Amino acid sequence: MKAVVPAAGLGTRFLPATKVVPKELLPLLDVPAVQVVVDEALAAGFDEVVLVVSPQKEAILRHFQPAPELCDELRARGRAELAERVAATSRPVTAVVQARPLGLGHAVGCARHAVGDEPFAVLLPDDLFLGDVPAIAQLAEAHRRSGASVLGLLEVTAAEVSRYGIVRAEAEAEGAPLRIRDLVEKPAPADAPSRLAIVGRYLLEPSVFERIERTPPGWGGEIQLTDALRGLAAEGGLVGVPLRSTRLDTGEPMGLLEAAILRALAHPAYGPRLREFLAALPRR
Ligand code: UTP
């Protein structure tokens, strides 16, 4: 099965850092965020990752390709271990181009021919999930059991609902995925049907491509994936799984910083140095 990683957005929340460097290549200490997400898909058993990139962001694809000259140069300088780490970043990744950022739904639609007529995963590279089981593997399991398209869900506070797509869902049986009846994009707290938010993991049946093609621009003038999924929900073909993982929103500067700090704290060399640095900061 293939996994699609949409990475063609403008990354406005990181400007001017993302004027030239794609947001997805900003580092979590020493690896780019997109590598962590690609590895989540591969760890869950997906055999190919389709990146959706804009013409300005093809550096993301290059990150996953072999770099023999750099590796040779590192070896010649006696840095064999570093050369191995660089060589190990090659991945089974292909790319399709979204010429203009017309929305997440449109970006997924651009992967139609690369995916073909089979179920596929979508992983947003600016949502990071930390846990023992890869988040997308939890969705793949629910898809095997239900045969329906699956959304990853996260319970958010009432104040946060207006930042997310929110679902109206029903529990059908103990331990079974929730049946999703409707989706609302960024509702006011008073209009939200629940506090279960759609976060960046999806396992979709290929019929969604037809729906995306019929979806007009919606919220923010963009072709929204949520709008295309609403039809699936109405037909009873959509379920949701509350994810058992910690989620970090690396699509905004504070979330990326938090993820980098967590990674540094877990690192054998950087962890002790970071703790020392934090302890020495003057208290306000
Ligand atoms: P976001 O809205 O979080 O990303 O879209 P963005 O648009 O790049 O960032 P901001 O809001 O301007 O700061 C979620 C994901 O969908 C991709 C983005 O690259 C991101 O990974 N996306 C979004 C596309 O691939 N194409 C689009 O047209 C829109």
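Here the structure is a predicted model, which is why all the values come from computation and not from measurement.

The rules behind these values
- Residues numbered from 1 in each chain as written.
- Predicted model: local features only at pLDDT ≥ 70, side-chain atom pairs only at ≥ 80, totals over all residues.
- Heavy atoms only, no water.
- Helix = DSSP H or I, 4+ residues; strand = E, 2+ residues; numbered from the N terminus.
- Rg over C-alpha atoms; globule rule 2.2 N^0.38 Å.
- Contact = heavy atoms within 4.5 Å.
- Areas by Shrake-Rupley, 256 points an atom, 1.4 Å probe, with all protein chains shown as cover.
- Salt bridge = Lys/Arg side-chain N within 4 Å of Asp/Glu carboxyl O.

Undergrad: Where do I start with the overall build of the chain in this structure?
TA: Counting its regular elements, the chain contains eleven helices and 13 strands. For the chain, the C-alpha radius of gyration of 20 Å lies close to 19 Å, the compact-globule estimate for 284 residues. Referenced to the eigenvectors of the C-alpha coordinate spread, the extents of the chain come out at roughly 60 × 50 × 40 Å. Excluding contacts between residues fewer than 6 apart, the proportion of contacts in the chain whose partners are at least 24 apart in sequence is 77%. For the chain, the exposed area adds up to about 14,400 Å²; of that, 54% sits on carbon and sulfur atoms.

Undergrad: Would you take a moment to explain the pattern of salt bridges for this structure?
TA: Close approach of charged atoms allows side chains with opposite charge to pair. Across all of its chains, the model carries 22 salt bridges by this definition. Across the pair Arg112 and Glu210 runs a salt bridge, and its minimum N-O distance is 2.9 Å. Separated by 98 residues along the polypeptide, Arg112 in helix 6 (residues 112-115) and Glu210 in helix 8 (residues 208-214) bring together distant segments of the chain. Arg112 is paired through a salt bridge with Glu213; the nearest N and O atoms lie 2.9 Å apart. Of this pair, Arg112 sits in helix 6 while Glu213 sits in helix 8, and the two are 101 residues apart along the sequence. Sharing partners across several salt bridges, the network here consists of Glu170, Glu172, Arg179 and Arg181.

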